[in-house]
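Listed below, chain by chain, are the residues.
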Amino acid sequence: MNPYDILPQEAFWSPAVAKKHMLDISGLWKAPFPILPKTRIATYGSCFAQHFSKALVARGYTWMNAEPAPSGVAEETARHFNYGVFSSRTGNIYTTSLLRQWVEWAMEKSVPPAIHWEKEGRIHDPFRPSIEPGGFGSVNEMIRSRQTCIAAFRDSIMQCSLLVFTLGLTESWWDAEGGFEYPMCPGTHAGTFDADRHVFRNQDYGFVRENLLKAISLIRQGREKGPRILLTVSPVPLTATNSGNHVLVATMESKSILRAVAGNVAASVKGVSYFPSYEIINSPVFRGMFFEPNLRSVNGHGVGHVMNCFFAGLDKKGAAAPGTVPAQRKSRRGDPEPASADDVKCDEELLDVFGRQK
Amino acid sequence: MKPVIITGDSHLGPIRRGLDLLPEGRRNRFVFWPLGKGAALRRKCHAFDAATLTLRTASRVWVDRVFSRETIGAMGSDTVLAVSLPLNTSRILRDYSWETYAPWHLAQAEFALSDQMVEAMIDGDSIHALNMVRNLARIWPRTAVIEAPRFFANASYLSRKRLDVIRHVDAAYRDRVRTMLAEAGIDVIPQPAATITDKGMTALSFDHHDPQDDHHANEAYGKLVLEEIGAYVDRLH
């Protein structure tokens, strides 16, 4: 008798992988804690994280939308303005240090720098460079929008039961004078690159881990209990690298570090777990079929397969609940006001004056 | 006198009532083609055939009516088509939770909306009415828009909403839609100045007699609108 004698089939490559069709490979993940339709889930991170919100809503799970578009706004318009992508309009939070930065602003441990970028007469938020299509009309408008976002971000991390965070990058850009981090290199989307001021940092294991732990700690300090945290790593390769390495090598290094940190933190911090979206897309078992022809973008089948694996790993107890909930602070939002009363009045007015033509 | 066809939403009711207050000799020029409630314009309510220049309203929600050069021109070649549809802010004021959202420069505890977002909301609300009036103007160039009355201070849908926010949205909507109408070469017959308070609302003295109706105006308002339409039409060559 040895330890392997009592392991389940999933522990062995041959029955779990080699003897199965790739799409029949199952049991890749089991939820380590209850994730029920009523569980209030907030989602943030790199671009791959937005697939979680869509899938959660589609499956009747309770995704927290703490900064929703006004009810009645067309879905297409809301998306154009980046509502409903993450639990507030933060845009992508690629690194654990950016997560920490957002949490510190939300918990008022620090204040966001009063900086802005100008491009073609419009104002862009350096911390959410593409959040407003074409930019804002003024600096004050940008700042007010950012304040709304920070308040909503705080609501989401204070009220969610589960925070899903997708780690995306290790490569980051910092402001040498202010000591803060940009989500994108200045000068790429907007702003002007200043080699003396804008400093590149390819974050190592220790730095990524330290910032993730600090962010989790700050969030939990602000609440009586929770939230539970589910970490994932984005399977999407780097668009470009400033590391000096080939972008393929840089991608593997970056993702390996993020994967290692996520695994370590999940193993060492209570109430934190890991979901293998990175492995599901990138494993050689799947032969790259979940990527678009550019071998970078994850196709719809890949997203669907990742989310199927996620839902397959959940405990199925509990009934379906409404798809989205606003944060409690914003609970006045509600649904569109019923127009029926005034509509009836309009009918009555026409009937009264013109008779029953319609 | 040039004939006038007045068509559009339920705000035609007060205008029609006001007709009875006009001297008999000034009534005959006005003909009413009511369509239905403006709330229907959350969706497209017409079909337009550019080849025949014919517009037909959607009978599922409105009176089934055909606008063409023949039907309008039957009144006379100098007929003016006055439409009450696009400059109506009631949907945007009712449909959105303005107690929770506000334009960014007015926002306090509310979600701050950017100027572009507010404009997108206005565009989303007004598009079907604007498209219909643009098509009507293609059929009949002598088409003008009648501005619907501003909100009344007692409107139920204003409860819990900040007056400054509502006033701003109402004014922004009217400005933006007026601009788009001007770009299409369509005139606006404005709400009679005597009916507007210094706070930008419709004076309560022009409120509908039914206390349950806090949305429509009364016949006195309608009479003033008819006088405004008449003056506009008489200025046309």
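Quick note: structure is the one above.
What you see is a predicted model; the values in this text were computed from it and never measured. (Residues numbered from 1 in each chain as written. Chains lettered and ligands numbered in written order. Predicted model: local features only at pLDDT ≥ 70, side-chain atom pairs only at ≥ 80, totals over all residues. Heavy atoms only, no water.)

Student: Can you walk me through helix α6 (residues 219-235) of chain B in this structure?
Tutor: The periodicity of an α-helix, 3.6 residues per turn, causes residues three or four places apart in sequence to face the same way. Residues and elements named next belong to chain B. Over its 17 residues, α6 runs 24 Å from end to end, which matches the ideal 24 Å to within 8%, given 1.5 Å per residue. For α6, every residue scored as buried is listed here: Tyr221, Gly222, Val225, Leu226, Ile229, Gly230, Tyr232 and Val233. In the core, the buried residues of α6 are packed alongside β1 (4-8), α1 (12-19), β2 (30-34), β6 (80-84), β9 (143-146) and β10 (187-189). A side-chain oxygen of the first residue of α6 lies 3.2 Å from the backbone nitrogen of Ala220; this N-cap is Asn218. (Helix = DSSP H or I, 4+ residues; strand = E, 2+ residues; numbered from the N terminus. Expected span 1.5 Å × (residues − 1). Buried < 20%, exposed > 50% of the residue type's maximum accessible area, 1.4 Å probe, protein only. Contact = heavy atoms within 4.5 Å. Polar contact = N/O pair within 3.5 Å; in protein donor to acceptor, adjacent residues only side chain to side chain.)

Student: I would appreciate a short explanation of the packing of helix α4 (residues 96-106) of chain A against helix α5 (residues 139-159) of chain A in the present structure.
Tutor: A pair of packed helices is captured by two measures, namely the crossing angle of their axes and the spacing between those axes. Residue and element names in this part refer to chain A. The contact between α4 and α5 brings their axes to 9 Å, and the two run at 100 degrees. The angle between the axes of α4 and α5 places the two elements in the roughly perpendicular class. Contact residues: Leu99, Trp102, Val103, Trp105 and Ala106 in α4; Cys149, Ile150, Phe153, Arg154 and Ile157 in α5. (Axes fitted to C-alpha atoms, helices over the stretch in contact; angles between N-to-C directions. Parallel < 35°, antiparallel > 145°, perpendicular 65-115°, else oblique.)

Student: So what exactly am I meant to see when it comes to the sheet that holds strand β5 (residues 66-68) of chain B here?
Tutor: Sheet strands associate in pairs through backbone hydrogen bonding, adopting either a parallel or an antiparallel arrangement. Residue and element names in this part refer to chain B. Here three strands make up an open sheet; going across it, the order is β3-β4-β5 and the pairing antiparallel. The open sheet is flanked by β3 (46-49) and β5, the only strands paired with a single partner. Strand-to-strand twist in this sheet, taken as the mean axis angle between neighbours without regard to direction, amounts to 15 degrees. Here three bridges tie strand β4 (residues 54-57) to β5, and the two strands are oriented antiparallel to one another. The partner of Thr54 across the bridge, within β5, is Ser68. (Pairing = 2+ DSSP bridges.)

Student: Where do I start with the pattern of salt bridges in this structure?
Tutor: Pairs can form between side chains of opposite charge once their charged atoms are near each other. Applying the stated criterion across every chain yields a total of 25 salt bridges over all chains. Here A:Arg89 and A:Glu132 are joined by a salt bridge, their closest N and O atoms 3.3 Å apart. Linking A:Arg89 in the loop between α3 (75-80) and α4 with A:Glu132 in the loop between β4 (122-124) and α5, this pair joins segments that are 43 residues apart in sequence. Neither residue differs from the other here; A:Arg89 and A:Glu132 are each classed as buried. Its salt-bridge partner being B:Lys223, residue B:Glu227 comes within 2.9 Å of it at the nearest N-O pair. One end of the pair is B:Glu227 and the other is B:Lys223, both in helix α6 and four residues apart, which spans about a single turn. The partly exposed category is assigned to B:Glu227, whose relative accessible area is 27%. We classify B:Lys223 as partly exposed; its relative accessible area is 25%. (Salt bridge = Lys/Arg side-chain N within 4 Å of Asp/Glu carboxyl O.)

Student: Would you explain the interface of chain B and chain A in this entry?
Tutor: How big an interface is tends to be expressed through the accessible area that disappears when the partners come together. Contact with chain B, which involves 49 residues of that partner, is made by 41 residues of chain A. Counting across the chain B and chain A interface gives one salt bridge. B:Arg17 serves as the salt-bridge partner of A:Asp352, at 3.0 Å between the closest nitrogen and oxygen. Across the chain B-chain A interface, the total number found is 11 residue pairs in polar contact (both at pLDDT 80 or more). Those elements that provide at least two residues to the side of chain B that touches chain A are α1, β2, α3 (90-95), β8 (111-113) and α4 (115-139) of chain B. Split by residue class, the side of chain B that touches chain A holds 20 nonpolar, 13 polar and 16 charged. (Nonpolar A, V, L, I, M, F, W, Y, C, P; charged D, E, K, R; others polar.)

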